[in-house]
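# A closer look at the structure
Here is how the chains run, residue by residue.
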Amino acid sequence: METYNLFWRNIKWRFQNPITIFLTVIPPIFWLVLYSTVLTKSMGGNYPAFILAGLLVLVIFSSSGSSGVSNYASKADGSFYRILISPVRRSSIVMGHVLDAAVFSFIEIGILLIISFFMSVRITSGFLGVWLMAIQLFCTMFFVASLSYTLSLQLPNENVFHTMMNTFVLPVFFVSTALIPFENIPAGFRFFVTLNPFTHVINSLRNLILDAFVDWQLFGLAVCLMLILGTVFFLLSIKKLHHDS
Amino acid sequence: MEAISVQHLTKIYRNGKKALDDLSITVQEGELFTLLGQNGAGKSTLINTLTTFLAPTSGSVKVFGEDLQQKPASVRKQIACVAQHTSIDNHLSLTENMLFQSRLHKLDHATATKRIAELIESFGLGAYTQHRVFTYSGGIKRRLDIAMSMVSHPRILFLDEPTVGLDVESRKAVWDILEKIRREYGTTIFMTTHYLEEADVLSDTICIIQDGHELVQDTPKNLRQYTRQNLIQINLKSTANMAWFEELLAGSPCVAAIQSSDHTLVATVNDREQGLVTINRHLMEHAIPYQSIGIIEPSLENVYLTLIHAGK
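So, a few notes on the structure that sits alongside this text. Residues take numbers from 1 onward in each chain, read along the sequence in its written order. Whichever chain is written first is A, and whichever ligand is written first is 1; the rest continue in order. Totals for whole chains, interfaces and linings use every residue, but because this is a predicted model, local features are given only for residues with pLDDT of at least 70 and side-chain atom pairs only at 80 or more, for both listing and counting. By convention in this description, side-chain values take in all heavy atoms of the structure and omit both hydrogens and water.

### What about the overall build of chain B?
When its secondary structure is counted, chain B shows eleven helices and 14 strands. With a 1.4 Å probe rolled over the protein chains alone, any residue whose accessible area is under 20% of its type maximum counts as buried; one over 50% counts as exposed, and the rest are partly exposed. Among the 312 residues that make up chain B, the fraction classed as buried is 53%. Any two residues having at least one pair of non-hydrogen atoms within 4.5 Å are treated as being in contact. Across chain B, the fraction of contacts at a sequence separation of at least 24, relative to all contacts at a separation of at least 6, is 68%. Surface accessibility of chain B: about 14,200 Å² in total, with carbon and sulfur atoms responsible for 48%. When the 30 positive and 35 negative side-chain charges of chain B are each reduced to one mean point, those points stand 7 Å apart. For helices the rule is a DSSP run of H or I covering at least 4 residues; for strands it is a run of E covering at least 2, with both sets numbered from the N terminus onward. For the accessible areas, the method is Shrake-Rupley and the probe is 1.4 Å, while residue cover comes only from the protein chains on display. Positive charge is attributed to Lys and Arg, negative charge to Asp and Glu, and no charge count is given to His or to the chain ends. For the purpose of locating charges, the reference atoms are NZ of Lys, CZ of Arg, CG of Asp and CD of Glu.

Here's what the structure looks like:
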């Protein structure tokens, strides 16, 4: 009930400000259209289908990753204080934020999937694959939104927050298999690419998009990684809320 | 019964600033308690600590006998706070804002709906339910802020400078609401303010703090005795000879200090009767036209300034 209340408040704001949804989905759409057009010939095969997995993660970076910014507005207008001195569980406060970020991200993912459908992208693993993709994406949102919320509690203002996100998001995106298959990555970089948890998420999503079979080992690894990292940051943000209040 | 008991409370921020310094106060159930102090005296830090937002560095705080640090969740159920800046969500309607607050306090829908209707009626907000919240004036927003805080029927309502920035009419409306809250709900009210008149009119108890430490805590009436000032007020008919007469009185051995404003002089004298006779004689001898002369009680402002000055 209390999580729903916080989620309801956040989502009301989101739907009254739809521009926040459409602005953050533009860069991934741009990437999808531009890279598919430019690189389809040189990369061969269905490049939009190949690149989609990475772009789905990029959408989560831009939507769930930036979700912590709303916390600064809440602090400025006093609602953060009002919520914190109420008898609401700290975990519900963070979960309300994660669910809002998830809805935000899923809307953007829906837009990206519709556009990619018109670019001949199909989910080869079928109905099961779609469900597994949804689970995988939700776990990723859980981690990224929890990380974003923790940072918003830790960093002093929005400018520092944006600087921090911009500094890390693109390097993390590039040091992964988002744009290039693992085997094409120079040997010296492969260690770092493997170390990047999002590489495994992208690989799993790509398996579900491109292949007719489900690589359960890959799927399990990616889900576990996101759940473990998400739980760590979820608990960190709760601890920070307890510490602040 | 003691609503709030604060003993030797100290709060030191990470940057080393000591905002509260061995502060001890007691607030009785059902009273309106006002905290007075200059900017940076520690008023907001104290409210933030009492509302569980900040953790104290040392000392103890009990709310209705429950330790704030050991049972913060239990304390949160019994309190509400109207912060210095209104904390209304502009994207929600008036009713939605109140519903959101009621759900934060886990009220069931039927109870919440009933209380919201009562509060809208009681606080004169009925005419505004159809308007967008961001179009409200500062006074109406403040009224809604207080109404939201009352939806959980808190046992203690904290208000951090609730009338700052409001016009005279809106301020009076907030005063009426606070009186109503005490009368109809029996809520203990803990308030900070810069307005001495407000503290004087509304409070049962006033506490003056400076540099995070309490200087004095008492009723407004008793506080006036702290100054032990003997004041004589002279209302002159004109300001023609005022400067000259002020200088004359300042040189008189029985006058310790003198203040002037408009047509009025207020002399602090060592002995009331002697001072009255001496000043009266000066007025007669120099044929100064005046409307009245008399011994006056010190105002809360006199008390405040005297104590703050003594504290320094």
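### Some remarks on the interface of chain B and chain A
In this complex, chain B contributes 30 residues to the contact, which on the side of chain A involves 26 residues. Two parts placed together each lose some accessible area under a 1.4 Å probe, and the buried area is that loss summed for both. By the criterion of area lost to chain A, the three top residues of chain B are B:Phe53, B:His91 and B:Arg103, representing 28% of everything that side buries. In the sections that follow, a salt bridge refers to a side-chain nitrogen of Lys or Arg positioned within 4 Å of a carboxyl oxygen of Asp or Glu. Across the chain B-chain A interface, the total number found is four salt bridges. Between A:Arg82 and B:Asp145 there is a salt bridge, with the nearest N and O atoms lying 2.4 Å from each other. When residues of the side of chain B that touches chain A are traced back to their parent elements, those giving at least two are α1 (43–50), α2 (72–78), β6 (79–82), α3 (94–104) and α5 (138–150) of chain B. The element best represented in the side of chain B that touches chain A is α3(B), accounting for five residues. Residues that form the side of chain B that touches chain A fall into these classes: twelve nonpolar, nine polar and nine charged. Three residue categories are used. Nonpolar comprises Ala, Val, Leu, Ile, Met, Phe, Trp, Tyr, Cys and Pro, charged comprises Asp, Glu, Lys and Arg, and polar comprises the others, including Gly.

### Describing the packing of aromatic side chains
All names here are of chain A. Stacked, edge-to-face and tilted labels apply to pairs of Phe, Tyr and Trp rings (six-membered ring for Trp) whose centres lie within 6.5 Å, assigned for plane angles under 30 degrees, over 60, and everything in between, in that order. Throughout the structure, instances matching the rule amount to 17 aromatic pairs over all chains. Aromatic pair Phe143 and Phe233: ring centres 5.8 Å apart, planes at 40 degrees, arrangement tilted. Taken together, the residues Phe143 in helix α7 (residues 126–154) and Phe233 in helix α11 (residues 216–244) connect sequence positions 90 residues apart. Taking relative accessible area as the criterion, Phe143 reaches 6% and is therefore assigned buried. Overall, the relative accessible area of 21% leaves Phe233 in the partly exposed class.

### Details of the packing of helix α3 (residues 47–63) of chain A against helix α10 (residues 197–210) of chain A
Residues and elements named next belong to chain A. Axes, fitted as lines to C-alpha atoms, cover a helix only where it is in contact. Angles between the N-to-C directions of the axes lie from 0 to 180 degrees. Direction vectors running N to C along α3 and α10 enclose 135 degrees, while the axes themselves pass 8 Å from each other. Taken as axis vectors, α3 and α10 run oblique relative to one another. The crossing of α3 and α10 is right-handed. Residues Ala49, Phe50, Leu52, Ala53, Gly54, Leu56, Val57 and Phe61 of α3 touch α10, and the partners they reach there are Phe198, Val201, Ile202, Leu205, Arg206, Ile209 and Leu210. Note on terminology: angles under 35 degrees are roughly parallel, angles over 145 are roughly antiparallel, angles of 65 to 115 are roughly perpendicular, and the others are oblique. What makes a crossing left-handed is the near helix being turned counterclockwise from the far one by less than a right angle; a clockwise turn instead makes it right-handed.

### Here's the deal with the packing of α3(B) against α5(B)
Residue and element names in this part refer to chain B. At a minimum axis distance of 8 Å, the contact between α3 and α5 shows a crossing angle of 30 degrees. In this structure, the crossing between α3 and α5 has a hand that is right-handed. Residues Leu94, Asn97, Met98 and Gln101 of α3 form the contact with α5, whose own contacting residues are Leu144, Ala147 and Met148. Considered class by class, the residues forming the contact of α3 with α5 number five nonpolar, two polar and no charged.

### Overview of the nonpolar core
Buried Ala, Val, Leu, Ile, Met, Phe, Trp, Tyr and Cys residues that are joined via side-chain atoms within 4.5 Å together make up what is termed a nonpolar core. Formed by 51 residues in total, the largest nonpolar core has its most connected members in B:Ile4, B:Leu46, B:Phe158 and B:Phe190. In terms of nonpolar packing, the next biggest core, distinct from the first, is built from 49 residues, A:Val121, A:Met141, A:Phe173 and A:Leu179 among them.

### Quick notes on helix α6 (residues 168–185) of chain B
Residues and elements named next belong to chain B. Here a helix's expected span is defined as the number of its residues, less one, multiplied by 1.5 Å. With 18 residues, α6 ought to run about 26 Å at 1.5 Å a step, and its terminal C-alpha atoms sit 25 Å apart, in line with that. Of the residues making up α6, those classed as buried are Ser170, Arg171, Val174, Trp175, Ile177, Leu178 and Ile181. In an axial view of α6, the angular spread of the buried residues amounts to 160 degrees, which keeps them on one side of the axis. Along α6, the residues that are exposed and aim more than 90 degrees away from the buried face are Val168, Glu169 and Arg183. Those residues of α6 that are buried are in contact with α5, β7 (156–160), β8 (188–193) and α7 (196–202). Nitrogen and oxygen atoms within 3.5 Å of one another constitute a polar contact, given that in protein one can donate a hydrogen and the other can accept it, and given that sequence-neighbouring residues count only through two side-chain atoms. The backbone nitrogen of Glu169 has a side-chain oxygen 3.2 Å away, supplied by the residue at the start of α6, namely Asp167. Directly after α6, the chain includes Gly186, whose backbone phi takes a positive value near 65 degrees. Arc, as used here, means the arc of the directions from the helix axis to the C-beta atoms.

### Description of the environment of A:Thr140
Residue and element names in this part refer to chain A. Looking at the secondary structure, you find Thr140 in helix α7. Put simply, Thr140 and Glu158 are 18 residues apart on the chain and 23 Å apart in space, counted from C-alpha to C-alpha. If near-sequence neighbours (up to four positions away) are discounted, Thr140 is found in contact with Ile60, Phe198, Val201 and Met226.

### Some thoughts on the layout of surface pockets
All names here are of chain A. Here a cavity denotes a set of grid points, spaced 1 Å apart and computed over the protein atoms alone, in which a 1.4 Å probe fits but from which it cannot get out, and a pocket denotes an open set meeting protein on both sides within 12 Å along at least five of seven lines; residues with an atom within 4 Å of a point are reported as lining. Grid points are joined across faces, edges and corners, and a volume is the space filled by probe spheres set on the points. One number sums up the size of the largest pocket: a volume of about 720 Å³. If you go around the largest pocket, you meet 30 residues; those closest to its centre are Trp13, Ser70, Asn71, Ala73 and Ser74. Contributing elements (two or more residues each) for the lining of the largest pocket: α1 (2–16), α2 (19–43), α4 (69–77), α5 (79–84), α6 (90–117) and α8 (158–174). Top element by residues in the lining of the largest pocket is α4. It accounts for six residues.

### Thoughts on the pattern of salt bridges
Per the counting criterion, the structure on display carries 14 salt bridges over all chains. A salt bridge links B:Lys18 to B:Asp21, with the nearest nitrogen and oxygen atoms 3.6 Å apart. The network of salt bridges with common partners includes A:Glu2, A:Arg89 and B:Lys106.

### Considering the sheet that holds strand β5 (residues 66–67) of chain B
Residues and elements named next belong to chain B. In spatial order, the strands read β2-β1-β4-β5; together these four strands make up an open sheet with antiparallel pairing. Only two strands of the sheet have a single neighbouring strand rather than two, namely β2 (18–28) and β5. A strand pair is defined by DSSP finding two or more bridges across the two strands. In this sheet, β2 lies alongside strand β1 (residues 2–12) in antiparallel orientation, the contact comprising seven bridges. From the neighbouring strand, Ser5 faces β2, where its bridge partner is Thr26. In the packing of α1 onto the sheet, contacts are made with β1, β2 and β4 (58–63), and the angle to β2 comes to roughly 65 degrees.

### Topic: the pairing of β7(B)
All names here are of chain B. Burial analysis of β7 places five of its five residues in the buried class, the great majority of the element. Along β7, one buried face is formed by Ile156, Phe158 and Asp160 and the opposite face, lined by Leu157 and Leu159, is buried too. Here β6 runs beside β7; their pairing, made up of four bridges, is parallel. Following the sheet pairing, Ala80 is matched in β7 by Leu157. The handedness of the β7 to β8 crossover, carried by α6, is right-handed. Crossovers are marked right-handed if the path from the first strand over the helix to the second runs clockwise, as seen with the strands pointing away from the viewer.

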